[in-house]
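Below, each chain spelled out in residue letters.
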Amino acid sequence: MTQFSLERIVRPNILALAPYRCARDDYSTGILLDANENSFGPSLADTSALRLDLERYPDPLHNDIKKHLCLLRDVPSPENFFLGVGSDEAIDLLIRIFCIPGKDKILVTPPTYGMYSVCAQVNDVGVVKVPLTLDDKKFQLQTDKVFEALQQNPDVKIVFLCSPGNPTGSLLAKEDIQKILTFPGFNGIVIVDEAYIDFVEEQKGGSTASWVTQFPNLVVLQTLSKSFGLAGIRVGIAISTPEIIALMNNTKAPYNICSLSADVALSALQDSSIELMKSRVDLVRQERKKFMENVVKISGIGAIKGTNDANFILVEILDKDNQKPCNERAHRIYTYLAQERGVVVRLRCMEPGCAGCLRITIGTPEENITVLKELELALKSM
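Definitions and cut-offs
Residues numbered from 1 in each chain as written. Predicted model: local features only at pLDDT ≥ 70, side-chain atom pairs only at ≥ 80, totals over all residues. Heavy atoms only, no water. Pairing = 2+ DSSP bridges. Helix = DSSP H or I, 4+ residues; strand = E, 2+ residues; numbered from the N terminus. Axes fitted to C-alpha atoms, helices over the stretch in contact; angles between N-to-C directions. Contact = heavy atoms within 4.5 Å. Core = buried A, V, L, I, M, F, W, Y, C linked by side-chain atoms within 4.5 Å. Buried < 20%, exposed > 50% of the residue type's maximum accessible area, 1.4 Å probe, protein only. Phe/Tyr/Trp six-rings, centres within 6.5 Å; stacked < 30°, edge-to-face > 60°. Lys NZ or Arg CZ within 6 Å of the ring centre and 35° of its normal.

Would you mind going over the sheet that holds strand β1 (residues 81-85) with me for this structure?
In a beta sheet, neighbouring strands are held together by backbone hydrogen bonds and run either parallel or antiparallel to one another. Within the open sheet, the seven strands sit side by side as β1-β7-β6-β5-β4-β2-β3. Their pairing is mixed. In the strand order of this sheet, the two ends are held by β1 and β3 (126-129), each with one partner. Each adjacent strand pair in this sheet contributes to an overall mean axis angle of 25°, direction not counted. Sheet analysis places β1 next to strand β7 (residues 235-239), joined by five bridges and oriented antiparallel. Note that in β7 the partner of Leu83 across the bridge is Ile237. The strands touched by helix α4 (residues 86-98) are β1, β2 (105-108), β4 (156-162), β5 (189-193), β6 (218-223) and β7; relative to β1, the strand with the most contacts, the crossing angle is about 110°. Sheet strands touched by helix α8 (residues 242-251): β1, β5, β6 and β7. Its angle to β1, the strand with the most contacts, is close to 30°.

Please clarify how the nonpolar core should be interpreted in this entry.
The biggest cluster of nonpolar side chains holds 81 residues, and the ones touching the most others in it are Leu107, Val159, Val295, Ile333, Leu358, Ile360 and Leu375. Counting residues per element, this core draws most heavily on helix α10 (residues 271-295), at six residues. Formed by 32 residues, the second largest nonpolar core is a distinct cluster that contains Phe4, Phe98, Val125 and Ala238.

Even after reading the chapter, I still don't get the packing of aromatic side chains, so can you show me in this structure?
Across all of its chains, the model carries six aromatic pairs by this definition. Between Tyr113 and Tyr116, the aromatic rings sit 5.5 Å apart at their centres with planes inclined by 85°, giving edge-to-face as the arrangement. For the ring pair Phe147 and Phe183, a centre distance of 4.4 Å and an interplane angle of 0° mean the geometry is stacked. Taken together, the residues span a long stretch of sequence, with Phe147 in helix α6 (residues 143-152) and Phe183 in the loop between α7 (174-181) and β5 at a distance of 36 residues. Look at Phe147 and you get buried, because its relative accessible area is 16%. A relative accessible area of 11% means that Phe183 is categorised as buried. By way of ring pairs, the aromatic residues Tyr113, Tyr116 and Phe160 are connected into one cluster. Here the basic side chain of Arg359 rests over the ring of Phe312, its NZ or CZ set 5.5 Å away from the ring centre.

Laid out in structure tokens, this is it:
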């Protein structure tokens, strides 16, 4: 890798940005008459279950949460963390920080999470696509083709890598991620989206979060939505160098994480809650294994694709002759299950390498039994 220069790749207007200073940047205790808040408190008839001063704006940085994340993810400092409204806020911010509209591009590796391209389009940023391996059903990086694309597109500022992938469920090989991080001539950042990282079996290796102390061009995205089961509070996490995190904090809205979400997040990061999360992740892994063993016994089911490292599987629906994946039959099965049987899965058959595929989230044991039964009945009738 050539000498990485953050100043050379950040948009000049972002480098020059004087961040908005909110009231809570200065003081957060005492008689607070500085932020035009309602000192009489929230207009709620019953506040017995609330532990928060809802009339006050929240902490803009939430360092108490970040200290717990340091321990969980083996990262040295709260300054390595950004908290956003889901990972989507971080994705949008990073594109806005590093990519000049109408000029710069991002690189994605489909099939992958759709919001990378959506955020790029919203920000008038181009998208270069280098597919994952599609023929081996493992969905791994084609590093040589990524390198070729980076050489042909010097205006690529961000490479997005989803690991484990969505919708693939595949953990990307760490040596391939490292090759891209250190590719000579690429003076951009690499974003590794690890929303599903906790569902990976320990022997396969864990997060790249601790790498942020080694690679100045790395950003790792995580979330409390998946393994912690807290999708409703919308708390996403970016992990990087203090310099990149400072740019994100300078660019974000002043109070992006509300007090209620922050309170729940802090509770979730206590030792007892983390142990509960890990025990439930183990249950998901066990159910994932059982579901995979049983779903392939159903006539009309083809391959289970990917390396199955998330809390879902990607499974092929075959044609009536059980010869090849069939988009039309997959669509009929998907619609019938949702509209007639109350079983909602995700249709992914239009993604590259995902012909005939449904993405099925691993549920409770009872839910999984129901899905298998309904899927078998639907395939028999269609």
